[in-house]
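Structural characterization, general
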Amino acid sequence: MPVFERGETRIRWWEAGEGFPVLLFAPGGMRSAADIWATSPFDPREALSGAFRVISMDQRNAGESTAPVTAADGWHSYTDDHLALLDHLDIEHCHLMGGCIGSSYCLGVLQADPSRVGAAVLQNPIGHHENQDLFYAMFDTWADALLEHRDDVDASALPSFRERMYGGDFTFNVDRDFVAGVETPLLILAGDDAYHPRPIAEKIAALAPNNEMILEWKTEQAATVAAAEVRAFLERHTP
């Protein structure tokens, strides 16, 4: 279980398989950690490692990864981690797949450095649709646990961090105009609940000029089909 260290930030990551790299961003909200993929309708670590070099990670201050917490933190803090990990692994070009909050992480990397991404899979994308209170509450639960176990976290830094994460609209970290300009191929596995609203997935699909969407993928049978479609989609867009 290797650890990538950048200053005071320690990112735990794993890899399996060989071939073109796929960087995974797990579901779980602020607790996004690689093991949560095991609770997904299909686990991309297993579904993709037969054809790709699959890299998974615990996000900062989730799972076994840690980092300082400051009032200036936000989506950019995670994007910086993602790009730094790719640099550390000498990966210049890769695919991305993110579940839940991981979908927004994918969009953050695409905004920061689209040249590095061949294609991206957005599974259960989150977004602002009559649900902002749920995301604030989710952040607060994560923050309370962090304060209980970490003496170095200053509670006064958390409100601005929370607002920077979930105070916006749409996918929280990128706007509609940006998505309308994304030329990278996207495969969207639409959500269907309050945290992963179907209208957010449909709006991404309506805006992004180069995308495919799967609406039903969560039953056991549909998940098997969707896993094969994700693999085929990434294979089609592998250089």
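Re the packing of helix α4 (residues 132-149) against helix α5 (residues 158-166)
The interhelical angle for the contact between α4 and α5, taken along N-to-C directions, is 140 degrees, at an axis separation of 10 Å. Pair α4 / α5 crosses with right-handed handedness. On α5, the residues that touch Gln132, Phe135, Tyr136, Met138, Phe139, Asp140, Trp142, Ala143 and Leu147 of α4 are Leu158, Phe161, Arg162, Glu163, Met165 and Tyr166. Considering only residue class, the contact of α4 with α5 consists of eleven nonpolar, one polar and three charged.

Some thoughts on the packing of aromatic side chains
Scanning the model with the defined rule gives eleven aromatic pairs in all. Relative to Phe172, the ring of Phe135 has its centre 4.9 Å away and its plane inclined at 65 degrees; by these criteria the two rings are edge-to-face. Here Phe135, found in helix α4, pairs with Phe172, found in the loop between α5 and α6 (176-180); they are 37 residues apart in sequence, far enough to count as distant. Taking the relative accessible area as the measure of exposure, Phe135 reaches 2% and is therefore buried. Sitting over the ring of Tyr136, Arg162 keeps its end group 4.2 Å from the ring centre.

Considering the pattern of salt bridges
A complete count under the given rule lists 16 salt bridges for this structure. The partner of Arg12 in a salt bridge is Glu64, with the nearest N and O atoms 3.3 Å apart. Note that Arg12 is positioned in strand β2 (residues 9-16) and Glu64 in the loop between β4 (53-57) and α2 (75-88), a separation of 52 residues in sequence. The buried category is assigned to Arg12, whose relative accessible area is 14%. Judged by relative accessible area, which is 38%, Glu64 ranks as partly exposed. Its salt-bridge partner being Asp140, residue Arg162 comes within 2.8 Å of it at the nearest N-O pair. Here Arg162 is found in helix α5, whereas its partner Asp140 is found in helix α4, with 22 residues between them in sequence. On the basis of relative accessible area, Arg162 is assigned to the partly exposed category, the value being 23%. Asp140 gets classed as partly exposed once you look at its relative accessible area, which sits at 31%.

Some details on the environment of Ala26
Mapped onto the secondary structure, Ala26 falls in the loop between β3 (21-25) and α1 (44-48). Taking the C-alpha atoms as reference points, Ala26 and Ser115, separated by 89 residues in sequence, lie 22 Å from one another. Discounting residues that sit within four places of it in the chain, Ala26 has contacts with Ser32, Ala33, Ala34, Trp37, Gly99, Ile101 and Gly102.

Description of the sheet that holds β2
Taking strand neighbours across the sheet as the criterion, the eight strands line up as β1-β2-β4-β3-β5-β6-β7-β8 in an open arrangement whose pairing is mixed. At either end of the open sheet lies a strand with only one pairing partner, and these are β1 (3-6) and β8 (211-214). With direction set aside, neighbouring strand axes in the sheet form an average angle of 20 degrees. Bridging between β1 and β2 involves four bridges; their strand directions are antiparallel.

Thoughts on the side chain of Asp73
Among the secondary structure elements, Asp73 is positioned in the loop between β4 and α2. Buried Asp73, no salt bridge; nearest opposite-charge side chain is Arg60, N-O distance 4.2 Å. At a separation of 2.9 Å, a polar atom in the side chain of Asp73 contacts the main-chain amide nitrogen of Thr70. Only 3.4 Å separates the side chain of Asp73 from the side chain of Ser77, close enough to count as a polar contact. Beyond its immediate sequence surroundings of up to four residues, Asp73 is in contact with Arg60, Pro68, Phe161 and Arg164.

Digging into α4
Between the first and last C-alpha of α4 there are 26 Å, a value that for 18 residues agrees with the 26 Å anticipated at 1.5 Å per step. Here α4 has its buried residues at Gln132, Phe135, Tyr136, Met138, Phe139, Trp142, Ala143 and Leu146. Buried residues of α4 fall within an arc of 160 degrees about the axis and therefore sit on the same side. Away from its buried face by more than 90 degrees, α4 exposes Asp133, Asp144 and Glu148. Buried positions along α4 lie against α5.

Remarks on unusual backbone geometry
Despite not being glycine, Asn61 shows a phi value in the positive range, around 60 degrees. With respect to the helices and strands, Asn61 occurs in the loop between β4 and α2. Backbone geometry places Asn124, a non-glycine residue, at a positive phi of 60 degrees. Within the secondary structure, Asn124 sits in the loop between β6 (117-123) and α4.

Rules and cut-offs
Residues numbered from 1 in each chain as written. Predicted model: local features only at pLDDT ≥ 70, side-chain atom pairs only at ≥ 80, totals over all residues. Heavy atoms only, no water. Axes fitted to C-alpha atoms, helices over the stretch in contact; angles between N-to-C directions. Helix = DSSP H or I, 4+ residues; strand = E, 2+ residues; numbered from the N terminus. Left-handed = near helix turned anticlockwise from the far one by under 90°. Contact = heavy atoms within 4.5 Å. Nonpolar A, V, L, I, M, F, W, Y, C, P; charged D, E, K, R; others polar. Phe/Tyr/Trp six-rings, centres within 6.5 Å; stacked < 30°, edge-to-face > 60°. Buried < 20%, exposed > 50% of the residue type's maximum accessible area, 1.4 Å probe, protein only. Lys NZ or Arg CZ within 6 Å of the ring centre and 35° of its normal. Salt bridge = Lys/Arg side-chain N within 4 Å of Asp/Glu carboxyl O. Pairing = 2+ DSSP bridges. Lys, Arg positive; Asp, Glu negative; His and termini not counted. Polar contact = N/O pair within 3.5 Å; in protein donor to acceptor, adjacent residues only side chain to side chain. Expected span 1.5 Å × (residues − 1). Arc of directions from axis to C-beta.

Honestly, that's just the spatial picture; any functional story needs more than this.
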